[in-house]
Amino acid sequence: MKRLLALILLLVLFQGCSGKKQAYHSIFKTKDSNNVENNYQQSVKLILEYKEKLNKRNPRAYNKELSTTITDHLKHSEDILYLYTKKTKFTTYSEYLNFAFNTDIDVKNRNDYLILGLYTLIHSAYSINKNHKFTALEYNREEIQKAYKNLRILQWKIKYAKDKNGNYLFLTWQNNWQIELLNRYNKTKIIDYASIKDLKYIKNGTESLFDNSNSSYELIIDKILFYLEDSVSKTDMNAGEVFVDVIKVTTMFI
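Remember, predicted model here, so these are calculated numbers, not experimental data.

## Let's talk about helix α7 (residues 141-160)
Moving on, step 1. An ideal rise of 1.5 Å per residue puts 28 Å on 20 residues; α7 measures up with 29 Å between its terminal C-alpha atoms.
Moving on, step 2. Those residues of α7 lying buried are I144, A147, Y148, L151, L154, Q155 and I158. The buried residues of α7 occupy an angular sector of 130° when projected down its axis, which confines them to one face. Projecting away from the buried face of α7 at angles above 90 degrees are the exposed residues E142, K149 and W156.
Moving on, step 3. Residues of α7 that are buried make contact with α3 (31-57), α5 (93-100), α6 (110-125) and α11 (216-234).
Moving on, step 4. The opening residue of α7, the one whose side-chain oxygen lies 3.1 Å from the backbone nitrogen of E142, is N140.

Structural data, given as structure tokens:
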């Protein structure tokens, strides 16, 4: 009877709601595996923070009707969100990101493609939803390393990429007077002290030539890069650490 009750208890534990199952799973996972999963979750939070900032700075470059859907999906789903155009279904981070930086056509809602590309990049790196990982060794170290390299490239492209008219695709680090000056230069091809002094944001004292650039966008990306670095280190355990982790997750003698 006691054995039957114990069996029923185990069935209840592992057939409960998804939130409870997640909690029980974490009990049997190694510390490093939990840390890697936390790195992913923190990265998604940072992507949501980046999305909010990017949309505020580039208010004409995102779909306002889709914004809440994207936010809710990143918060609550472990799946990739697929967007469609008339000709294309986006399923990989490279498709999203290449389209976000496409200058051959007029891309509407660039922000959405950038954010979903960034999310899909991180999602793919951690192989979310493929299988439950009890040890950090089950994560694909090469994929996480590749994501790190791609994110470095993405960080640079966000900062410097321009369209055919010489305008930045994404406004992030630039002060308003710098954008105003660039727009004026694109029209006149002239920059001199008089034109700088006459800039709206300089003239009214809102900004100064000595103001620091906005580094908050890069700091968010830097934090995600840190989590990727940490995840790589967690998936490179030596034999002793593996042995200790096996003891932690083993429930029967072998």
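From this point on, the discussion continues.
## Considering the layout of surface pockets
Moving on, step 1. There is about 410 Å³ of room inside the second largest pocket.
Moving on, step 2. Around the second largest pocket sit 16 residues that line it, and N58, A61, Y168, L169 and L171 are the ones nearest its centre.
Moving on, step 3. Residue contributions to the lining of the second largest pocket peak at three residues, all from helix α8 (residues 176-188).
Moving on, step 4. In the lining of the second largest pocket, the residues fall into eight nonpolar, four polar and four charged.

## Some words on the nonpolar core
The nonpolar side chains of soluble globular proteins are, as a tendency, buried together.
Moving on, step 1. Counting residues in hydrophobic clusters, the biggest one holds 49 residues, and the most contacted among them are L74, F101, L114, Y126 and L151.
Moving on, step 2. Put simply, the parts of the chain that give this core at least two residues each are α3, α4 (64-76), α5, α6, α7 and α11.
Moving on, step 3. Considering each element in turn, this core owes the most residues, nine residues, to α6.

## Let's talk about the packing of α3 against α11
Moving on, step 1. Here α3 crosses α11 at 165°, and the two axes come no closer than 9 Å. Taken together, the axis directions place α3 and α11 in an arrangement best described as roughly antiparallel. Crossing hand, α3 versus α11: left-handed.
Moving on, step 2. Split into classes, the residues belonging to the contact of α3 with α11 amount to ten nonpolar, six polar and seven charged.

Each value, and the rule that gives it
- For every chain, the first residue of the written sequence is number 1, and numbering continues from 1 along that sequence.
- Local features are withheld for residues below a pLDDT of 70 in this predicted model, meaning they are given only at 70 or higher, and side-chain atom pairs are given and counted only at 80 or more; totals for whole chains, interfaces and linings count all residues.
- Computation of side-chain values covers all heavy atoms of the structure but excludes hydrogens and water.
- Counting from the N terminus, the helices are the DSSP runs of H or I reaching at least four residues and the strands are the DSSP runs of E reaching at least two.
- One less than the number of residues in a helix, times 1.5 Å, gives the span that helix is expected to have.
- Three exposure classes are used, based on accessible area relative to the maximum for each residue type with a 1.4 Å probe and protein chains only: buried under 20%, partly exposed in between, and exposed over 50%.
- Picture the helix axis, draw a direction to every C-beta atom, and the arc is the one those directions span.
- Throughout, a residue-residue contact means that at least one pair of heavy atoms, one from each residue, lies within 4.5 Å.
- Throughout this description, a polar contact denotes any pair of N or O atoms lying within 3.5 Å of each other; where both atoms belong to protein, one of them has to be capable of donating a hydrogen while the other can accept it, and for residues adjacent in sequence the pair is counted only when both atoms sit in side chains.
- The rule is simple: put a 1 Å grid over the protein atoms alone, call a set of points where a 1.4 Å probe fits but cannot get out a cavity, call an open set with protein on both sides within 12 Å along at least five of seven lines a pocket, and count a residue as lining if it has an atom within 4 Å of a point.
- Grid points are joined across faces, edges and corners, and a volume is the space filled by probe spheres set on the points.
- Gly falls in the polar group here, along with every residue not listed as nonpolar (Ala, Val, Leu, Ile, Met, Phe, Trp, Tyr, Cys, Pro) or charged (Asp, Glu, Lys, Arg).
- Buried residues of nine kinds, namely Ala, Val, Leu, Ile, Met, Phe, Trp, Tyr and Cys, make up a nonpolar core once their side-chain atoms join them within 4.5 Å.
- For helices, the fitted line uses only the C-alpha atoms of the stretch in contact; every axis is such a line through C-alpha atoms, and the angle between N-to-C directions lies from 0 to 180 degrees.
- Roughly parallel here means an angle under 35 degrees, roughly antiparallel means over 145, roughly perpendicular means 65 to 115, and every remaining angle is called oblique.
- By convention the crossing between two helices is left-handed if the near helix lies anticlockwise of the far one by an angle smaller than a right angle, and right-handed if it lies clockwise.

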